[in-house]
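Architecture and fold: a report
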Amino acid sequence: LSNTVFPEFEGKSIFNWAKELAPETPFIFISDDGTKESLIHFFRNGLADFILKENIEELPSRIKLALQKFGSQNSSRNIEDQLENRIRELEKKEYLYKTFVDNTEAIYIVADENLHPIFGGSLIEKLTGWKAEEVPGYNVVELIHPEDRNLVDDFLNELKSKPGQIIPASFRLK
């Protein structure tokens, strides 16, 4: 809370100082008058409210509203910050995962429930000449050597019976 005029300070200096020290704290001016221009400046820069001294009885309810308003803004800002941090973490993990997959000597293919590839490591592209996500409708079993296809069926049945588990497998390509 502040008056807009003090003997040693004027309102703009006090407001700027308060916003610098505690930017998340609501600031309310109480004054005898306020020019439209100065109020526009203050509200654009985070002023919570302005009360004329003749309406001082409104102060308790206006303080409560300002605290509610700034509390919800801070809460929203906090949620947005958490979301941005989580996105950065996921992007970093995705980069590390992709780096690992692209620099290993194994073939990785992620397929949907119909065994259509949706992602493949860079080695699969080097060996076959195609990117997994560029071949919709292609069934990954068609890449497997005919003599190993029965092993693929056993592997897929084991995968279905143990969802969420990593099950290593090796198959020859045709």
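Below or above, wherever it landed, is the structure these notes cover. No experiment lies behind these values; they were computed from the predicted model shown.

1. A word on the overall build of the protein
- Along the backbone of the protein there are 5 helices and 5 strands.
- In the protein, the succession of α and β elements from N to C terminus is β-α-β-α-β-α-β-β-α-α.
- The burial tally for the protein puts 25% of its 174 residues in the buried class.
- When contacts within the protein are restricted to residue pairs at least 6 apart in sequence, those whose partners lie at least 24 apart make up 37%.
- Roughly 12600 Å² of accessible area belongs to the protein as shown, and the carbon and sulfur atoms make up 56% of that amount.

2. Observations concerning the packing of aromatic side chains
- With the rule as written, the count across this model stands at 3 aromatic pairs.
- Seen from their ring centres, Phe15 and Phe42 are 5.1 Å apart, and the 75° between their planes marks the pair as edge-to-face. Taken together, the positions of Phe15 in helix H1 (residues 11–21) and Phe42 in helix H2 (residues 36–44) put the pair 27 residues apart, joining distant regions of the chain. You'll find Phe15 and Phe42 in the same group, each marked buried.
- Ring centres of Phe155 and Phe171 lie 5.7 Å apart, and the angle between their planes is 70°; on these two criteria the pair is classed as edge-to-face. Within this pair, whereas Phe155 is found in helix H5 (residues 149–161), its partner Phe171 is found in the segment after H5, the two being separated by 16 residues in sequence.

3. Observations concerning H1
- Among the residues of H1, those classed as buried are Gly11, Ile14, Phe15, Ala18 and Lys19. In an axial view of H1, the angular spread of the buried residues amounts to 130°, which keeps them on one side of the axis. Looking at H1, the residues exposed on the side facing more than 90 degrees away from the buried face are Trp17, Glu20 and Leu21.

4. Focus: the nonpolar core
- Core analysis: the biggest nonpolar cluster contains 9 residues, these being Ile14, Phe15, Ala18, Phe27, Phe29, Leu39, Phe42, Leu47 and Phe50.
- It is H1 that contributes the most residues to this core, 3 residues altogether.
- Ranked by size, the runner-up nonpolar core spans 8 residues in total, among them Leu115, Ile144, Phe155 and Ile167.

5. Let's talk about the side chain of Asp49
- Tracing the backbone through its elements, the reader meets Asp49 in strand E3 (residues 49–52).
- Within the structure, the side chain of Asp49 is placed 2.5 Å from the side chain of Arg62, a separation counted as a polar contact.

6. Observations concerning the pattern of salt bridges
- Overall, the coordinates contain 6 salt bridges when judged by the stated rule.
- For Glu147, the salt bridge identified is with Arg172, shortest N-O distance 3.4 Å. In this pair, Glu147 sits in the loop between helix H4 (122–128) and H5 while Arg172 sits in the segment after H5, placing the two residues 25 residues apart along the sequence.
- Judged by relative accessible area, Arg172 falls into the partly exposed class, the value being 41%.
- Among the ionic pairs, Lys162 bridges to Glu158, the shortest N-O distance being 3.3 Å.

Thresholds, definitions, all that
- Residues numbered from 1 in each chain as written.
- Predicted model: local features only at pLDDT ≥ 70, side-chain atom pairs only at ≥ 80, totals over all residues.
- Heavy atoms only, no water.
- Helix = DSSP H or I, 4+ residues; strand = E, 2+ residues; numbered from the N terminus.
- Buried < 20%, exposed > 50% of the residue type's maximum accessible area, 1.4 Å probe, protein only.
- Contact = heavy atoms within 4.5 Å.
- Areas by Shrake-Rupley, 256 points an atom, 1.4 Å probe, with all protein chains shown as cover.
- Phe/Tyr/Trp six-rings, centres within 6.5 Å; stacked < 30°, edge-to-face > 60°.
- Arc of directions from axis to C-beta.
- Core = buried A, V, L, I, M, F, W, Y, C linked by side-chain atoms within 4.5 Å.
- Polar contact = N/O pair within 3.5 Å; in protein donor to acceptor, adjacent residues only side chain to side chain.
- Salt bridge = Lys/Arg side-chain N within 4 Å of Asp/Glu carboxyl O.

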